[in-house]
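As a plain string of letters, each chain reads:
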Amino acid sequence: MNGGKEKIRRALGPWGAGLAVEALAETDSTNTRLKEWARAGKIAPPFLLTADCQTAGRGRLGRRFVSPAGTGLYMSLLVQPPEGAESGLITVLAAVAVCRALEGLTGLPMKIKWVNDIFFRGRKVCGILAERVEQGVIVGIGVNLKTPPGGFPPEAGAAGALDREIDRFQLAGAIAGRFLEALPRLPDPAVIADYRARMPLIGHTIRYTRGGVEKSALAVGVAEDGGLMIREDGEETVLRTGEVTLGSQSLSGLL
Ligand code: BTN
């Protein structure tokens, strides 16, 4: 076993039982790898893959996820969700697991911007990409541990880094452990409560896009399935996919 895998196992503790772990120096995308390996019958859930660097890291909504070597944690988990756990709840749990693991290792407070961007002091330090496959769900997590030399490209938007000494293998094990611990209990009221508590958008005006048209609405709450409840022209609806931005306040003021 290489040193990275050993550290991951140690941080996983009892939650690593039955979990296969692979740690690569470089790959195209940990999500794409798991998708292809699962499709080819090479792996089955639960499986954890980490990489030090991704040459074709993917973000939500078809975006690129900048993943240079030595600056981040890039990991994907292939899991079989329990009966009745909607896709939205897997995403909710992933965001909560990242926050709990980071807070456990650093003591720093983490916030969530709907759907599943993790913010620290106004900057996005982690993104999550969950994808359904025949064998279950692949949950891809990218954490910016250090600012890359030359900084983040403009396309990375509000991206920032934690810039603390964090061992990425230890963090990978801690995140996977928190996630696997709670997964069988979904839908878990404690997880959704933690998600809500970390969501400072509630009570503020947000912007979102529907049918190519940008709209603004008041964020009023988080539904039991993780959807964002909004009020617009006196009517309440729930957003289940997409992305929101803040209407008037800056991200750093709130997140
Ligand atoms: C986003 O913020 O848009 C989601 C980013 C998800 C990035 C992670 S890094 C590990 C996994 N592999 C990928 O190609 N993407 C996810």
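The structure reproduced in this document is the subject of the present report. For clarity, every value in this text was computed on a predicted model and none was experimentally measured.

Right, let's get into the overall build of the chain. Scanning the chain from N- to C-terminus turns up six helices and twelve strands. For the chain, whose C-alpha radius of gyration is 18 Å, the value lies close to the compact-globule estimate of 18 Å for 255 residues. For the C-alpha atoms alone, the extent of the chain along its principal axes is close to 60 × 45 × 35 Å. The buried share of the chain, taken over its 255 residues, is 51%. Taking the contacts inside the chain whose residues are at least 6 apart along the sequence as the reference set, 63% of them involve residues at least 24 apart. Counting every atom, the chain has about 11,300 Å² of accessible surface; 49% of that belongs to carbon and sulfur. Distance between charge centres in the chain, computed from 31 positive and 27 negative side chains, equals 3 Å.

Let us now look at the packing of helix α3 (residues 87-106) against helix α5 (residues 189-197). Running from amino to carboxyl end, α3 crosses α5 at an angle of 70°, the nearest separation of the two axes being 9 Å. Judged on the interaxial angle alone, α5 and α3 are roughly perpendicular. The element α3 and its partner α5 pack so that their crossing is left-handed. Facing L89, V92, L93, A95, V96 and R100 of α3, the residues of α5 in contact are A190, V191, I192, D194 and Y195. The class makeup of the residues in the contact of α3 with α5 is nine nonpolar, no polar and two charged.

Position of S76 relative to the elements: it lies in strand β3 (residues 72-79). At 2.5 Å, the side chain of S76 and the side chain of N31 are in polar contact. Sequence-distant contacts of S76, that is, excluding residues within four places in its chain, are made with T30, N31, L34, F47, L48, L49, I138, V139 and G140.

The subject of this paragraph is α3. Think of an α-helix as 3.6 residues a turn; residues three or four steps apart then line up on the same face. Over its 20 residues, α3 extends 29 Å from the first C-alpha to the last, a length consistent with the 28 Å expected when each residue adds 1.5 Å. G107 lies just past α3 and shows a positive phi near 80°.

So, how was this worked out
Residues numbered from 1 in each chain as written. Predicted model: local features only at pLDDT ≥ 70, side-chain atom pairs only at ≥ 80, totals over all residues. Heavy atoms only, no water. Helix = DSSP H or I, 4+ residues; strand = E, 2+ residues; numbered from the N terminus. Rg over C-alpha atoms; globule rule 2.2 N^0.38 Å. Buried < 20%, exposed > 50% of the residue type's maximum accessible area, 1.4 Å probe, protein only. Contact = heavy atoms within 4.5 Å. Areas by Shrake-Rupley, 256 points an atom, 1.4 Å probe, with all protein chains shown as cover. Lys, Arg positive; Asp, Glu negative; His and termini not counted. Charge placed at Lys NZ, Arg CZ, Asp CG, Glu CD. Axes fitted to C-alpha atoms, helices over the stretch in contact; angles between N-to-C directions. Parallel < 35°, antiparallel > 145°, perpendicular 65-115°, else oblique. Left-handed = near helix turned anticlockwise from the far one by under 90°. Nonpolar A, V, L, I, M, F, W, Y, C, P; charged D, E, K, R; others polar. Polar contact = N/O pair within 3.5 Å; in protein donor to acceptor, adjacent residues only side chain to side chain. Expected span 1.5 Å × (residues − 1).

Any link to function would need more than the numbers given here.
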